[in-house]
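Spelled out, the chains give:
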Amino acid sequence: MTTASANSGQRTAVKLAVIAVAMFGFGYAMVPIYNVLCDITGLNGKTGETSAALLDAEGVDRSRSVRVELISNVNGNLPWEFGPMTDEVSVHPGEIGEATYYVKNNSDRVIVGQAIPSVSPGPASVHFNKTECFCFTEQTLQPGELREMPVRFVINPAVSDRYKVMTLSYTFFEVPGSADRG
């Protein structure tokens with residue numbers, strides 16, 4: 001093998017290594033990038049967060065109610081079962097609503113997951129505020145562990161009365177590098 005072809009092979013190997021590292025870094029950064037873009041643009045139905053103390057000043061609009069449909073998904077690579085305990089809840093705008101989800105780790109290893117929420121329709125999502133949610137933190141499940149997780153929320157009374165139905169959806173993803181933690 002000539003020196004020129006050996007140098008060419010080394011350059012190719014270095015380029016491939018740089019590409020592999022860049023791809024890993026991009027994949028690892030996807031969830032934070034997604035969250036920042038949704039916060040900036042308001043796209044994909046990302047919801048607000050608020051405290052229960054701030055809600056009392058808003059008041060409850062008992063003249064109408066909003067049906068909140070509950071949907072769940074699990075990324076195909078995550079061996080978990082995940083879903084709502086009920087398909088929907090009905091709340092008055094300004095009233096604190098609650099739903100409970102369950103999650104089960106069907107694998108034989110410890111896994112850390114993170115739920116990413118979405119609310120539709122998009123224009124109404126800014127009026128959907130979570131006061132407590134399992135999506136605020138990573139969830140570590142032991143092999144075979146089953147857990148119930150509540151979400152508490154309020155729909156701002158300022159939401160247009162044309163929104164009679166909203167959909168709260170969560171997708172669970174495995175946290176990158178979580179296999180190394182267990």
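Enquirer: Please provide a residue-by-residue account of unusual backbone geometry, values included.
Expert: At the junction of S120 and P121, the peptide bond is cis and its omega measures out at 0° in the coordinates. On the secondary structure map, P121 appears in the loop between β6 (111–120) and α3 (122–125).

Enquirer: Run through the state of the cysteines, naming residues and quoting values.
Expert: Within the structure shown, the criterion is met by 1 disulfide. Disulfide pairing places C133 opposite C135 at an S-S distance of 2.5 Å. The disulfide joining C133 to C135 has a torsion of about 130° about its S-S bond and is therefore right-handed. When sorted by exposure, C133 lands in the same class as C135, which is buried.

Enquirer: Tell me what's going on with the packing of aromatic side chains, and back it up with residues and numbers.
Expert: Per the counting criterion, the structure on display carries 9 aromatic pairs. For the ring pair F82 and Y101, a centre distance of 5.4 Å and an interplane angle of 20° mean the geometry is stacked. In this pair, F82 is assigned in strand β3 (residues 80–84) and Y101 in strand β5 (residues 96–105), connecting sequence segments 19 residues apart. Each member of the pair, F82 as well as Y101, carries the same accessibility label: buried. Chaining the aromatic ring pairs together yields one cluster made of W80, F82, Y101, F134, Y170 and F172.

Enquirer: An account of the sheet that holds strand β4 (residues 88–91) is needed here, citing residue identities and associated values.
Expert: Read from one edge to the other, the open sheet built from 5 strands follows the order β4-β2-β10-β6-β8, with strand pairing classed as mixed. Unpaired on one side and paired on the other, β4 and β8 (139–141) mark the two borders of the sheet. Going across the sheet, the axis of each strand differs from the next one's by a mean of 30°, ignoring polarity. Where strand β2 (residues 66–74) lies against β4, 4 bridges are found, and the strand directions are antiparallel. The residue bridging E69 from the neighbouring strand is E88, located in β4.

Enquirer: Tell me about the confidence of the model for the chain, residues and numbers included.
Expert: Overall, the prediction assigns the chain a mean pLDDT of 84, with 74% of residues at 70 or greater. Within the model, pLDDT remains below 50 along residues 40–46, and this stretch shows 14 contacts once partners closer than five positions in the same chain are excluded.

Enquirer: Lay out the pattern of salt bridges with the relevant residues and their values.
Expert: Counted according to the given criterion, the structure contains 8 salt bridges. Between D61 and R64 there is a salt bridge, and its shortest N-O distance comes to 2.7 Å. Close ionic contact of R67 with E88 constitutes a salt bridge, the shortest N to O distance being 3.3 Å. Of this pair, R67 sits in strand β2 while E88 sits in strand β4, and the two are 21 residues apart along the sequence. Overall, the relative accessible area of 31% leaves R67 in the partly exposed class. The exposure class of E88 is partly exposed, given its relative accessible area of 38%. The structure contains a network of salt bridges with shared partners spanning R67, E69 and E88.

Analysis parameters
Counting restarts for each chain, with residues numbered from 1 along the sequence as it is written. In keeping with the predicted nature of the model, local features appear solely for residues at pLDDT of at least 70, side-chain atom pairs appear and are counted solely at 80 or more, and the whole-chain, interface and lining totals rest on all residues. Calculated side-chain values reflect all of the structure's heavy atoms, with hydrogen atoms and water omitted. Helix numbers and strand numbers start at the N terminus; a helix is a DSSP run of H or I with at least 4 residues, a strand a run of E with at least 2. Criterion for a disulfide: a pair of cysteine sulfur atoms at a distance within 2.5 Å. Only protein chains enter the accessibility calculation, which uses a 1.4 Å probe; a residue whose area is less than 20% of its type maximum is buried, one above 50% is exposed, and one in between is partly exposed. The criterion for an aromatic pair is that two Phe, Tyr or Trp rings (for Trp, the six-membered ring) have centres within 6.5 Å, with stacked assigned to planes under 30 degrees apart, edge-to-face to planes over 60 apart and tilted to the rest. DSSP bridges decide pairing: two strands pair if at least two such bridges lie between them. Fitted lines through C-alpha atoms give the axes, limited to the stretch in contact for helices. The angle between two N-to-C directions lies from 0 to 180 degrees. Note: pLDDT gives the predictor's confidence per residue, expressed from 0 to 100. Residues are treated as being in contact if the distance between any of their heavy atoms lies within 4.5 Å. Here, a salt bridge means any Lys or Arg side-chain nitrogen found within 4 Å of an Asp or Glu carboxyl oxygen.

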